[in-house]
Amino acid sequence: MSEHGHQTTAERARLADSPDLAAPWRRWGPYLSGRQWGTVREDYSASGDAWASFPFEHARSRAYRWGEDGIAGICDQHGFLNLAVAMWNGADPVLKERLFGLTNAEGNHGEDVKEYWWVLDGTPTHSWMRVLYRYPQAEFPFAELRAAAAAATRDDPEPELADTGVLAEDRFFDVVVSYAKAGPDDICVEITATNHGPEPAPLHLLPQLWFRNTWSWGRDPRRPALIASTVDGWCRFAAEHNTLGRYTLHAEGTPTLLVTDNETNEVELHGAADNPTRYTKDGIDAMVVRGATDTCQAVAAGAASLPGTKGAAWYAFHGVPPGESVTVRLRLVAGDGHPDAFGPSFAETMAARAREADEFYADLGAHLDQERRTVLRRALAGLLWTKQHYRFRIREWLAGDPAQPAAPEVRCAPDARNTRWRHLDVADVISMPDEWEYPWFAAWDLAFHTVPLALVDPVFAKGQLTLLCREWLMHPNGQLPAYEWDFGDVNPPVHAWAALRVHQAEVAAGGEPDRAFLAQVFHKLLLNFSWWVNRNDADGDNLFQGGFLGMDNVGPVDRSAPLPGDWRLEQADATAWMAAYCLHLLRIALELARHERAYEDVASKFVEHFLDIAEAATRPGPAGQGIWDDTDGFCYDLVSRPLPDGTVESQPVRVRSMVGLIPLLAQAVLEPWVCAELPGFAQRLDHLLARRPELARFVTWQRLDGGARRAWLSLLDEPKLRRVLTRMLDEAEFLSPHGIRSLSAAHRDGVEIEVAGETHRMGYEPRESRTSLFGGNSNWRGPVWFPVNALLVEALRTLEGWQAGEFQVELPTGSGQRVSAGEAADELSRRLVSLFLVGADGRRPADGKRIEASDSPLWRANITFSEYFDGDTGEGLGATHQTGWTAWVACLLSRAWPEDGIRGTGR
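Here the residue index of a chain counts from 1 through its sequence in written order. Restriction of local features to residues with pLDDT of at least 70 applies here, the model being predicted, together with a cutoff of 80 or more for giving and counting side-chain atom pairs; totals for whole chains, interfaces and linings are based on all residues. To get the side-chain values, all heavy atoms of the structure are used, and hydrogens and water are removed first.

1. Remarks on the sheet that holds strand β24 (residues 648–653)
Okay, so step 1: Think of it this way: DSSP has to see at least two bridges between two strands before they count as a pair. Secondary structure is summarised from DSSP: a helix means a run of H or I of at least four residues, a strand means a run of E of at least two, and numbering begins at the N terminus for each. On the basis of which strands lie adjacent, the open sheet formed by 3 strands has the order β20-β23-β24 and antiparallel pairing. The open sheet has two edge strands with one neighbour each: β20 (568–570) and β24. Pairwise comparison of adjacent strand axes, ignoring direction, gives a mean angle of 30 degrees for this sheet.
Okay, so step 2: As paired strands, β20 and strand β23 (residues 637–642) are joined by 3 bridges and run antiparallel to one another. By the bridge assignment, Arg568 is partnered in β23 with Ser640. With axes taken as lines fitted to C-alpha atoms, and helix axes fitted only over the stretch in contact, angles between N-to-C directions fall between 0 and 180 degrees.

2. Topic: the packing of aromatic side chains
Okay, so step 1: We call Phe, Tyr and Trp rings a pair once their centres come within 6.5 Å, taking the six-membered ring for Trp, and we label the pair stacked below 30 degrees between planes, edge-to-face above 60, and tilted otherwise. Overall, the coordinates contain 50 aromatic pairs when judged by the stated rule.
Okay, so step 2: Between Phe392 and Trp397 the ring centres are 5.4 Å apart and the planes differ by 75 degrees, which places this aromatic pair in the edge-to-face class.
Okay, so step 3: Buried, partly exposed and exposed residues are distinguished by accessible area as a fraction of the type maximum, computed with a 1.4 Å probe on protein chains only: under 20%, between the cut-offs, and over 50%, respectively. Given a relative accessible area of 0%, Phe392 falls into the buried group.
Okay, so step 4: Whether a charge lies above a ring is judged from NZ of Lys or CZ of Arg, which has to be within 6 Å of the ring centre and within 35 degrees of the ring normal. One cation-aromatic arrangement involves Lys281 over Tyr64; the distance from NZ or CZ to the ring centre is 3.9 Å.
Okay, so step 5: Above the face of the Phe606 ring, Lys605 is positioned so that its terminal group lies 5.3 Å from the ring centre.

3. As for the nonpolar core
Okay, so step 1: Here, nonpolar core refers to any group of buried Ala, Val, Leu, Ile, Met, Phe, Trp, Tyr and Cys residues whose side-chain atoms link them within 4.5 Å. Residues Phe392, Leu586, Phe610, Leu661, Phe681 and Phe836 are the most contacted members of the largest nonpolar core, which totals 186 residues.
Okay, so step 2: Considering every element that reaches this core, the biggest residue donor is helix α14 (residues 572–593), with 17 residues.
Okay, so step 3: Residues are treated as being in contact if the distance between any of their heavy atoms lies within 4.5 Å. If sequence neighbours within four positions are ignored, Phe836 has contacts with Glu371, Val375, Phe786, Arg844, Ala846, Ile863, Thr864, Phe865, Phe869, Thr886 and Val889.
Okay, so step 4: If you look at the next biggest cluster of nonpolar residues, it comprises 78 residues, including Ala72, Phe100, Ala313 and Leu858.

4. Side note on the pairing of strand β6 (residues 116–122)
Okay, so step 1: The buried count for β6 comes to 7 of 7 residues, which makes it a mostly enclosed element.
Okay, so step 2: Here β6 runs beside strand β7 (residues 128–136); their pairing, made up of 6 bridges, is antiparallel. Paired with Trp118 across the bridge in β7 is Leu132.
Okay, so step 3: Adjacent in sequence and paired antiparallel, β6 and β7 are bridged by 5 residues, among which His126 carries a positive phi angle near 65 degrees.

5. Comments concerning the pattern of salt bridges
Okay, so step 1: Salt bridges, as used here, are contacts in which a Lys or Arg side-chain nitrogen is within 4 Å of a carboxyl oxygen on Asp or Glu. Counting across every chain of the model gives 76 salt bridges.
Okay, so step 2: Of the charged contacts in the structure, one is a salt bridge between Asp573 and Arg559, with a shortest N-O distance of 2.8 Å. Note that Asp573 is positioned in helix α14 and Arg559 in the loop between α13 (515–535) and β20, a separation of 14 residues in sequence.
Okay, so step 3: A relative accessible area of 0% places Asp573 in the buried class.
Okay, so step 4: The salt bridge involving Asp686 is made with Arg709; its shortest N-O contact spans 3.1 Å. Separated by 23 residues along the polypeptide, Asp686 in helix α17 (residues 679–691) and Arg709 in strand β27 (residues 709–714) bring together distant segments of the chain.
Okay, so step 5: Connected via shared salt-bridge partners are Arg65, Arg219, Arg393, Glu396, Asp401 and Asp425.

6. Quick look at the packing of helix α11 (residues 458–468) against helix α12 (residues 495–508)
Okay, so step 1: Look at α11 against α12: their axes get within 10 Å of each other, and the N-to-C directions meet at 160 degrees. In terms of their interaxial angle, α11 and α12 are classed as roughly antiparallel. The interaxial crossing formed by α11 with α12 has left-handed handedness. Together, Pro458, Ala461, Lys462, Leu465 and Leu468 of α11 and His495, Ala498, Ala499, Val502 and Glu506 of α12 make up the contact between the two elements.
Okay, so step 2: When its residues are assigned to classes, the contact of α11 with α12 shows 7 nonpolar, 1 polar and 2 charged. Angles are sorted into four bins: roughly parallel if under 35 degrees, roughly antiparallel if over 145, roughly perpendicular if 65 to 115, and oblique for all others. The handedness criterion is simple: a crossing whose near helix is rotated anticlockwise from the far helix by less than a right angle is left-handed, and one whose near helix is rotated clockwise is right-handed. Classes in brief: Ala, Val, Leu, Ile, Met, Phe, Trp, Tyr, Cys and Pro nonpolar; Asp, Glu, Lys and Arg charged; the others, Gly included, polar.

7. Looking at the layout of surface pockets
Okay, so step 1: Cavity means a closed set of points on a 1 Å grid over the protein atoms alone, one where a 1.4 Å probe fits but cannot get out, pocket means an open set with protein on both sides within 12 Å along at least 5 of 7 lines, and lining means a residue has an atom within 4 Å of a point. Grid points are joined across faces, edges and corners, and a volume is the space filled by probe spheres set on the points. Each pocket or cavity is described by its volume, and for the largest pocket that value is around 820 Å³.
Okay, so step 2: For the lining of the largest pocket, the per-class residue count stands at 16 nonpolar, 11 polar and 11 charged.

8. A few points about the sheet that holds strand β25 (residues 667–670)
Okay, so step 1: Spatially, β25-β27-β26 is the arrangement adopted by the 3 strands of the open sheet, whose pairing is antiparallel. One side of each edge strand has no neighbouring strand; the edge strands of this open sheet are β25 and β26 (699–703). Across the sheet, the axes of successive neighbouring strands diverge by a mean angle of 15 degrees, strand direction being ignored.
Okay, so step 2: Across 5 bridges, the pairing between β26 and β27 is antiparallel. In the sheet register, Gln702 faces β27, and the bridge partner there is Arg710.
Okay, so step 3: Against the sheet, α17 engages β25, β26 and β27, with an angle of about 125 degrees to β26.
Okay, so step 4: On top of the sheet, helix α19 (residues 786–803) reaches β25, β26 and β27; it is set at about 30 degrees to β25, its chief contact.

9. Some details on the environment of Leu716
Okay, so step 1: Take Leu716: it is sitting in the loop between β27 and α18 (718–728).
Okay, so step 2: Given the relative accessible area of 0%, Leu716 is considered buried.
Okay, so step 3: Linking Leu716 and Glu752, residues 36 residues apart in sequence, is a C-alpha distance of 27 Å.
Okay, so step 4: Those residues in contact with Leu716 that sit more than four places away from it in its chain are Thr618, Trp628, Cys635, Pro663, Leu664, Leu721 and Val724.

10. Some thoughts on the pairing of strand β31 (residues 758–762)
Okay, so step 1: Relative to β31, strand β30 (residues 751–755) runs antiparallel, the two being bridged by 5 bridges. Bridge pairing in β31 links Val755 to Glu758.
Okay, so step 2: Joining the antiparallel neighbours β30 and β31 is a turn of 2 residues, in which Ala756 adopts a positive phi near 55 degrees.

11. With respect to the confidence of the model for the protein
Okay, so step 1: Here the protein shows a mean pLDDT of 94. Residues at 70 or above account for 97%.
Okay, so step 2: Per-residue confidence from the predictor is reported as pLDDT, which spans 0 to 100. Of the regions scoring below 50 in pLDDT, residues 897–907 engages in 46 contacts with residues more than four places distant in sequence or in other chains.

12. Observations regarding helix α6 (residues 283–290)
Okay, so step 1: Of all the 8 residues making up α6, 7 are buried; the element is thus mostly covered by neighbouring parts of the structure.
Okay, so step 2: Within α6, burial applies to Gly283, Ile284, Asp285, Ala286, Met287, Val288 and Val289.
Okay, so step 3: For α6, the secondary structure elements touched by its buried residues are β3 (81–88), β10 (201–211), β14 (256–260), β15 (297–299) and β16 (310–320).
Okay, so step 4: A positive backbone phi angle near 75 degrees is found at Gly291, which sits one or two residues after α6.

See below:
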């Protein structure tokens, strides 16, 4: 057994040899983005329209400033040297070098990738990775997809690639790319393309190796060199970089080696008189697709190229028979190359790493049947694949580069995008929500990612949470950056919760408690907590504004925008998130206080702050004083304004949504060790409750044999909590066949609400968004979202840990069937997991009516982890590869997950 309680395997040995994120086995990984064009980083326009500033059509000809992208690609931790697969079917107007999708303005529900690919497998050190990309044999229907989306309304489903008929009769190649590391700097690559169509079809495979352009901006003139040669019977590229050193890419067989420069084609794009170099980024595309002979260097047998910065090994298969496969093998090695690159060691490495991946996952899913083991493994593989190198230096981005045109002055206006974040200077590997649609970190997404990541790689999970709190990311005022489009927006404060969960996962797996990690995160989150209190509780009344909070269009108005007049919005979810934040910081402080008593005082501060918030949120009086509404037995946002007599006028926003379920999360159990080991904390809590007896309703005590005490802290006392759970577990309201909806289905016919003197209407929308609020690419008005569902499961488990089967609820509401809170958590977990399991009708609910649900095993074999799911049918919606927080299904499936929030954290 390993030190963490798992079976000792080769991959776990590699993890043990990789105690930090700079370890050699972590040097190479899937850190290449799926999309760099259309990002804020590449937008230097005055308008701030990132999609229009750098469109898809520019990507093949224009050098990126901050990153790179490709299909099924990898790069080093610094993003200097990149390897990915390009293809051409003989019909496309351009080389297939990157995934195609619609911009936010083009899609009928916002941006949307129009491709099919799946991550098949992967290990945390990236010693083994496998990805499948599905490539049409006919011309890719770029224009048809755009036209279909333009013609569709918001009531229509999103047009997909399969809808065009281009994939009919299985006329596509399945291109499987496998990576196996023989060593940290010795990577075997196998690309196998299979013709599933009924006729022979041509295919050109062009694995490409290139350097990110770091030399064209007037800041660092040093230029790396890529030289292709076919000398001594080898086809290879020698890549020399001042930081990385020398790498050699071997290409098996006798492909045509092509070399160009990763430089913008100014003539093609901007009508310039000439280009900065003879060969440009699109030179290989021009030679392969258009037959140009002078756009890149083609290396003759026995010769070598001049130095370039981008190369390709061109394999042309002029007629792959139906059902047959072609394979290309590569080997990327540090130094001057491998003496026997494609000898026995290549196949041995491939077989060994695949076998070791099986061994690595065996004990994690040993208790599951094969179907569930596959779901767990695919979810984690997809999550591991969406780790990307993210580089962004805001000061340079705002100022523009010396060798480029001056940045428009409007970019630096006080209210311009991200101008308050000049300190942000990041160049790290970060877990992204999605490879294409969200190829940039988002604060609360990242927190959720770390929890399933901790099941396989606690070191990386902890590193992600500390990274977000580092001085080059966290604002000097304590705010955490939300996401690239607006770092100053507000995401829910879930990072203390994530830190606790990651810590618990490591301990539950047999690891030693990493209190240094907890302390490091805790001290930084104290700054963030202060920012929340000072910036989002304008009146000091412990009711919080928050704003966006990640749930997009959940309300009838834009919650980030000011209300008319002197009205303000006080949010039920922001208030509940802050109550929960207090409890999470309290629990960390208690854990740290077991070894350093100075933390007892801090723990007392957070328990008192929690009780103050709970009292304000549920204070008695006329409707609207707190977020609790006793008439409806639910929590609502409030709109309030001061009156001339010094009082405050408030009214609830009576929409039953996820906003009103978040208060369920603000609860914690203090186990007997707290009072036994920390008597100072216990005495202060007793004194507080004696001095302010009105707070006692939020703390329930339990006496155990021998006089030991345990306590349950909850924003909602038991009667209120039961009333909210009655709605949550009602199938006519929140409970769907596949999880908890984000808006009550009781609003199917719509609801009319007055907000700040204006009338708004909204209703239950179980599928994609029908509004353009927040771009319209996400919908919180009915679908099932995994992250909040996972937290609701946890809330039920906390209740079970408190009352051990005695707290019972009716499930479903009105059925007469009573179950314990733990059984309710199990049932909710079962419904969520069922999204990815084949049901009685032979289909996965998440596949819906799309082509993935067809009878063909070529489609049914692959699982898609979507961003969110239809509130009625469970069909996957939104981003189609959001294994970020949807990978939480792995936590629901894994028995390694601790059930109680504070139990077992200390050893």
